[in-house]
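Given next are the chains, with one letter for each unit.
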Amino acid sequence: MSKVILDAATRAKLSGLGQPVQLCDESGAVIAYSLSPAALDRLMGIPIEPPFTEEELREAFDQTGPGRPLEDILRDLREGR
C-alpha cells in the first residue's frame, strides 16, 4: 500500500469524518477514496471488538493443563461435532 503524508491543513479537512471520502483533483474528478482505519477493518472482515468478553479472555489465559488430546479433537471434527 502506498503512503501519502498530509499537511496539517489537509488533515484538518479530513478529521472527524466518519464515512468514506472522495478525494478529487482541481477539476472535481475523483482520484481516490479515503476510509478510516476502522472502516477499512470492517470492509476486510476484521472485527473491531474481540468476540470475547474480558472475563472469558481472563478465564482462557488462566487455564492450565494440557487441554484435550489431539486424537479427541480430530475425532470430533470427523464426526462433525
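Below: a short report on this structure. (Residues numbered from 1 in each chain as written. Predicted model: local features only at pLDDT ≥ 70, side-chain atom pairs only at ≥ 80, totals over all residues. Heavy atoms only, no water.)

### Overview of the overall build of the chain
The helix and strand tally for the chain stands at four helices and two strands. Since a compact globule built from 81 residues should have a radius of gyration of about 12 Å, the 23 Å found for the chain marks it as more spread out than a globular shape. Within the span of the chain, comprising 81 residues, buried residues form 4% of the whole. Charged side chains of the chain number 9 positive and 14 negative; the gap between the two group centres comes to 3 Å. (Helix = DSSP H or I, 4+ residues; strand = E, 2+ residues; numbered from the N terminus. Rg over C-alpha atoms; globule rule 2.2 N^0.38 Å. Buried < 20%, exposed > 50% of the residue type's maximum accessible area, 1.4 Å probe, protein only. Lys, Arg positive; Asp, Glu negative; His and termini not counted. Charge placed at Lys NZ, Arg CZ, Asp CG, Glu CD.)

### Regarding the side chain of Asp76
Within the element layout of this structure, Asp76 appears in helix H4 (residues 70–78). By relative accessible area, which is 15% here, Asp76 ends up buried.

### A short note on the layout of surface pockets
A volume near 660 Å³ is recorded for the largest pocket. Leu6, Leu23, Tyr33, Ser34 and Leu35 are the residues nearest the centre of the largest pocket, which is lined by 19 residues in total. Broken down by secondary-structure element, the contributors of at least two residues to the lining of the largest pocket are helix H1 (8–14), strand S1 (21–24), strand S2 (30–34) and helix H2 (37–43). In terms of residue class, the lining of the largest pocket is made up of 13 nonpolar, five polar and one charged. (1 Å grid on protein atoms, 1.4 Å probe; cavity = no way out; pocket = protein on both sides within 12 Å on 5 of 7 lines; lining within 4 Å. Points joined across faces, edges and corners; volume = space filled by probe spheres on them. Nonpolar A, V, L, I, M, F, W, Y, C, P; charged D, E, K, R; others polar.)

### Examining a nonpolar patch on the surface
Nonpolar side chains collect at one region of the surface, where Met1, Leu35, Leu40, Leu43, Met44 and Ile46 lie side by side and expose about 690 Å² of accessible area between them. Residue Met44 is classed as exposed on the basis of its relative accessible area, which comes to 58%. (Patch = residues over 30% accessible without salt bridge, like charges linked within 9 Å, V, L, I, M, F, W, Y side chains within 5 Å. Areas by Shrake-Rupley, 256 points an atom, 1.4 Å probe, with all protein chains shown as cover. Salt bridge = Lys/Arg side-chain N within 4 Å of Asp/Glu carboxyl O.)

### Looking at the pattern of salt bridges
Going through the model one piece at a time under the given rule, you end up with four salt bridges. Asp76 serves as the salt-bridge partner of Arg68, at 2.3 Å between the closest nitrogen and oxygen. Judged by relative accessible area, which is 47%, Arg68 ranks as partly exposed. Arg81 is paired through a salt bridge with Asp76; the nearest N and O atoms lie 3.8 Å apart. Exposure remark for Arg81: the relative accessible area of 65% places this residue in the exposed category. A single network of salt bridges, built from pairs that share partners, joins Arg68, Asp76, Glu79 and Arg81.

### A word on a negative patch on the surface
A cluster of acidic residues, Glu55, Glu56, Glu59 and Asp62, forms a negative patch on the protein surface. Position of Glu59 relative to the elements: it lies in helix H3 (residues 54–62).

### Describing the pairing of S2
Across four bridges, the pairing between S1 and S2 is antiparallel. Looking across to S2, one finds that Leu23 is bridged to Ala32. (Pairing = 2+ DSSP bridges.)

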